[in-house]
Each structure stands twice: as structure tokens, then as C-alpha cells.
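Structural features, examined
Take a look at the letters that make up each chain.
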Amino acid sequence: MLNIFKNNVYDLPTNSSLNYYWCSGFVLSFTVVIQVLTGIILSLLYVADQNLSFMCVMSFSNEEVSLWFVRYFHIWGASGIFFLLFIHIFRGLYYGSFNKTFVWSVGFLLYILMMVESFLGYILPWHQMSYWAATVLTGVVKSVPFFGEMLYNYIVGGFGVTNVTLVRMFAAHVILAFIIVGLIGVHLFYLHKNGSHNSLSLNNGYSDVIYFHHYYSIKDFFLINSFLALILLSLLIFPDLVLDSEAYLSADPLTTPVNIKPEWYFLFYYAMLRSISSKVGGLVLVIVFLFVFWLPYSSNKNGSSYSLLFQFNFWLIVSCLIVLSYLGACHPEWPYDSISFFFSILIIFLFLFLKFLN
């Protein structure tokens, strides 16, 4: 066990040209571990019941400062994980890491599972927004041709979102957390086996290497401390910044919120789903986007980050995602739906251009 740790962490040969963006993976793994630990504490106290869940979660914040801190750190930790995920994924896009097929594919699978895990956790407080978010998304699943009805009944457990749904999603939320931790180990295995790209885009990136410890370990722990300080500062000064006002209202099936919207890291997907009037059409658009996003492109080149055309294309993709995130928070009406459809199609072509024509 000590030899595995020594060879894969302490004495790991690492390219000497890596910048701070390569530290995002280590910080992300550390944040996931903290998220699992806080989740275990909350799961021991949580009651999965549609009549008790909301009051149970509210009691975390109202009764003890320690439980308030654990709950809000878990909430902010989810946003922090996706913030780091976007940095990690787009660093990989910028430097051509999608050429590493196994590393990229396992990492993309982790991203999908983390989105599912986040959505399941968002439902558990059973407030207004979580209930209606569950209703909207399961309704999209139900619209899938042929097997949508069967899949809907399996997920929801009945004709609508009820207590059975809550119990199933709580169990899935707990189990999926440990699957994610295991896949992180698989991701690291393929990374250390195939090697990583480097910031200079050198073909022989391991011709000039240093040991991971002390140089990179110090950089990683510096960023971990900085990120934790940022999370704690945000948590203590603006604790409710990442929560919607509907999060303080118990779920009411008879009262629909004025504007149903997911967390900030799902907004661009939500904009895509709403950009087409048909639920199936919106779902197909999101699936096509995810497929193009994942699509590994195996070639001998090591990225095109020094190409001005590549850089322009990359930052245009980032700009489109920001615009779609803004549109996802707007009301589902004209002209927001038409603009969302335009940017959704545009970003798919930009991703294809990024991966195949640079």
C-alpha cells in the first residue's frame, strides 16, 4: 500500500512545465472527499419522508451552529466542485486532453455522474424548487419514446413525484457518492498509465521531469488552502447566495413557482431543453451536445493551444456557455427560447470545429 502511494503520488515523475491549472484535479479530489464526509454526517440525521424531510433539513440550520456549518459547507461544496470541474474540463479542452481516450472518457463519465449526484441531492430537502425540479426532469424522462414510461415508473415509483421517489433518490444519492470515489481512482490510474499533456504542448512531455513531491505537492496544498478559504469566506458572508428563495418553502404540489430553474451549473442545459417546444427535441439536443462534448479525437498532435484560431474558437465556446446560462435563468418565453436554440446549435458546431479542424 505504501509503495502504491509512493509511486503514484510521492515519487511520481511529473513534467516540469505544468502550470497551476493542472492542480485543479488534486483540489477537486480533495473537495470531493470533504463533500463525502459532510454528506455522511447529514445522511445519519436526515429523514427521507415527504412530511418530515423539509423540517428535518431546516432543523439542521436552526438548532445547532455545527450542523448549520456542515449543511452549508455541503451546499457550497457542491458549487465549488462544479466550479473546479469546469476549470479542469476546459483546461483539458484547451490543451487537447481529449486525445487521451481512456482518461478523457472516464473523466467525462465522472462529470455525468456528478451531475446526477448533485441533482439527487438537490431534491432531498423537499422544498418548493427541489420538488418542482424533480417533477420537470422526470417529466422529460417520461417523454422518451418506447421505454420512457417504464423508466419513469422505475425512477418515480408511481404516477407522480411522491414519498417513494424521495426514498429512492436518497438511496441513490448515498450509493452514487461511493461509485464516484471509486471512478476517481480509475481516472487517476489511466492518467498515470498514459501520462498527461503539458502546458508547452511538447510531444515528449516526460523528457524533462521532476518528482511530484515537493514541488507540485506544495503548489497543490497551497491551492487547497486558498480554495477552502474562499469557500469558508463565501459561506460565512453570503451563506444563502447559492440558494433560491423557494428553498425556504416546503414542497407544495398545488403551487407552482413563478420561475422554475436549477442550480447555476445546470442553467445552460436547462436553456437547451427549453429552446425547443418538444420535450423530446430538447432532450435530443442536450444528448447531441454531450456526445460532441465527450467525443475523443485520437491524433498524434498534442493540442493546438498556440493557434490563434483555436484560442478564438475556445473562448467563443466559453462565451456561448455563459450566454446560455443567463438565458436558462430567464423566463421560458420569446425571444429567450429562440436565442437559446441559436446558441445551442452554434456551440455544437464550435465543439466539432475545436476537435476536428484545429
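Residues numbered from 1 in each chain as written. Predicted model: local features only at pLDDT ≥ 70, side-chain atom pairs only at ≥ 80, totals over all residues. Heavy atoms only, no water.

Quick notes on the overall build of the protein chain
Worth spelling out the cut-off: Only DSSP runs of H or I with at least four residues qualify as helices, and only runs of E with at least two residues qualify as strands; both kinds are numbered from the N terminus onward. Only protein chains enter the calculation, and the probe is 1.4 Å; a residue is then buried if its accessible area is under 20% of its type maximum, exposed if over 50%, and partly exposed in between. Only heavy atoms matter for contacts: two residues are in contact if any of them lie within 4.5 Å across the pair. The accessible surface values rely on the Shrake-Rupley method and a 1.4 Å probe; as for residues, cover is taken only from the protein chains in view.
Counting its regular elements, the protein chain contains 13 helices and two strands. A total of 358 residues make up the protein chain; the buried ones form 49% of that total. Taking the contacts inside the protein chain whose residues are at least 6 apart along the sequence as the reference set, 80% of them involve residues at least 24 apart. Taken as a whole, the protein chain presents about 18,200 Å² of accessible surface, with 73% of it coming from carbon and sulfur.

Digging into the UniProt feature "transmembrane region" (unreviewed entry) in the protein chain
Counted only if it meets this: UniProt positions are given in the numbering used here, feature names are shortened, and annotations may be inferred rather than shown by experiment.
In the numbering adopted here, UniProt assigns the feature "transmembrane region" (unreviewed entry) to residues 20–48, 69–90, 102–124, 167–191, 221–238, 276–296, 308–327 and 339–357. Measuring from the first to the last C-alpha atom of residues 167–191 gives 36 Å, for a span that is 100% helix and 0% strand. Secondary structure within residues 276–296 divides into 76% helix and 0% strand; the distance between the first and last C-alpha atoms comes to 27 Å.

Notes on helix 9 (residues 215–237)
Going by this rule: Helix span, expected: 1.5 Å multiplied by one less than the number of residues in the helix.
The end-to-end C-alpha distance of helix 9 is 34 Å, a good match for the 33 Å that 23 residues give at a rise of 1.5 Å each. Among the residues making up helix 9, those that are buried are Y216, S217, K219, D220, I224, F227, I231, S234 and L235.

So, unusual backbone geometry
One non-glycine residue with positive phi stands out, namely W126, at about 60°. Looking at the secondary structure, you find W126 in the loop between helix 5 (101–123) and helix 6 (128–142).

So, the side chain of T31
Mapped onto the elements of the fold, T31 is located in helix 2 (residues 24–45). Apart from the residues lying within four places of it in its own chain, the contact partners of T31 are G77, I81, L84 and F227.

Regarding the packing of helix 2 against helix 8 (residues 163–194)
Test applied: Simply put, an axis is a line fit to the C-alpha atoms, just over the touching stretch for a helix, and the angle between two N-to-C directions goes from 0 to 180 degrees. Working definition: roughly parallel below 35 degrees, roughly antiparallel above 145 degrees, roughly perpendicular at 65 to 115 degrees, and oblique for all remaining angles. The crossing is said to be left-handed when, going from far helix to near helix, the turn is anticlockwise and less than a right angle, and right-handed when the turn is clockwise. Each residue receives one of three labels: charged for Asp, Glu, Lys and Arg, nonpolar for Ala, Val, Leu, Ile, Met, Phe, Trp, Tyr, Cys and Pro, and polar for the others, Gly being one of them.
At a minimum axis distance of 11 Å, the contact between helix 2 and helix 8 shows a crossing angle of 155°. Here helix 2 lies roughly antiparallel to helix 8, going by the angle between them. Helix-helix and strand crossings are classified by hand; for helix 2 and helix 8 the assignment is left-handed. Between helix 2 and helix 8, the residues in contact are S29, V32, V36, I40 and S43 and F170, F178, V181 and I184, respectively. Partitioning the contact of helix 2 with helix 8 into residue classes produces seven nonpolar, two polar and no charged.

Examining the packing of aromatic side chains
Where we set the bar: Pairs were defined over the aromatic rings of Phe, Tyr and Trp, the Trp ring being its six-membered one, requiring ring centres within 6.5 Å. Orientation was assigned from the angle between planes: stacked under 30 degrees, edge-to-face over 60, tilted for the rest. Put simply, a charge is over a ring when the Lys NZ or the Arg CZ is close to the ring centre, within 6 Å, and near the line of the ring normal, within 35 degrees.
Throughout the structure, instances matching the rule amount to 34 aromatic pairs. Measuring from centroid to centroid gives 5.3 Å for Y131 and W132, while their planes differ by 90°, and the two rings are edge-to-face. Given a relative accessible area of 10%, Y131 falls into the buried group. For the cation-ring pair, K142 lies above Y152, with the distance from its terminal atom to the ring centre recorded as 4.8 Å.

Considering the nonpolar core
The following threshold applies: Among buried residues, those of type Ala, Val, Leu, Ile, Met, Phe, Trp, Tyr and Cys that are joined through side-chain atoms within 4.5 Å constitute a nonpolar core. Segmentation into domains, and thus their bounds, comes from an automatic or database assignment.
L93, Y111, Y269, F289, I347 and F351 are the most contacted members of the largest nonpolar core, which has 93 residues in total. It is helix 4 (residues 65–94) that provides the largest number of residues to this core, a total of 14 residues. Taken domain by domain, the makeup of this core includes at least three residues from each of domain 1 (21–198 + 211–260) and domain 2 (261–357). Dropping the residues within four chain positions of it, Y269 is found in contact with Y111, M115, V286, F289 and L290. Of all hydrophobic cores here, the second largest spans five residues; its members include L42, C56, L67 and V70.

Points about the environment of T255
Residue position: T255 is located in the loop between helix 9 and helix 10 (267–274). Between the alpha carbons of T255 and Q128 there is a distance of 8.5 Å; along the sequence they are 127 residues apart. Setting aside chain neighbours within four positions, we find T255 in contact with Q128 and W132.

Here we look at the environment of W22
Tracing the sequence through the fold places W22 in the loop between strand 1 (13–15) and helix 2. Considering only alpha carbons, one finds W22 and K219, 197 residues apart in sequence, at a separation of 10.0 Å.

Considering a nonpolar patch on the surface
Cut-off, in case you're wondering: Grouping into patches uses exposed residues only, defined as over 30% relative accessible area, and leaves out salt-bridged ones; the cut-off is 9 Å for like charges and 5 Å for nonpolar side chains (Val, Leu, Ile, Met, Phe, Trp, Tyr). Salt bridge criterion: a side-chain nitrogen from Lys or Arg within 4 Å of a carboxyl oxygen from Asp or Glu.
On the surface, a cluster of nonpolar side chains totalling about 730 Å² of accessible area is made up of V33, L37, I40, I41, L44, L45, V174 and F178. Looking at the nonpolar patch, the elements that each hand over two or more residues are helix 2 and helix 8. With six residues, the top contributor of residues to the nonpolar patch is helix 2. Checked against the element boundaries, F178 lands in helix 8.

Quick notes on helix 3 (residues 53–62)
Extensive coverage of helix 3 is indicated by the burial of eight of its 10 residues. Buried residues of helix 3: S53, F54, C56, V57, M58, S59, F60 and S61, and no others. Buried-residue contacts for helix 3 involve helix 2, helix 4 and helix 8.

Digging into the packing of helix 11 (residues 279–294) against helix 13 (residues 336–356)
With their axes 9 Å apart at the nearest point, helix 11 and helix 13 run at an angle of 20° to one another. In terms of their interaxial angle, helix 11 and helix 13 are classed as roughly parallel. Relative to helix 13, the crossing made by helix 11 is left-handed. Contacts from L285, V288, F289, V292, F293 and W294 of helix 11 reach helix 13 at F341, S344, I345, I347, I348, F351, L352 and K355. Of the residues assigned to the contact of helix 11 with helix 13, the class counts are 12 nonpolar, one polar and one charged.

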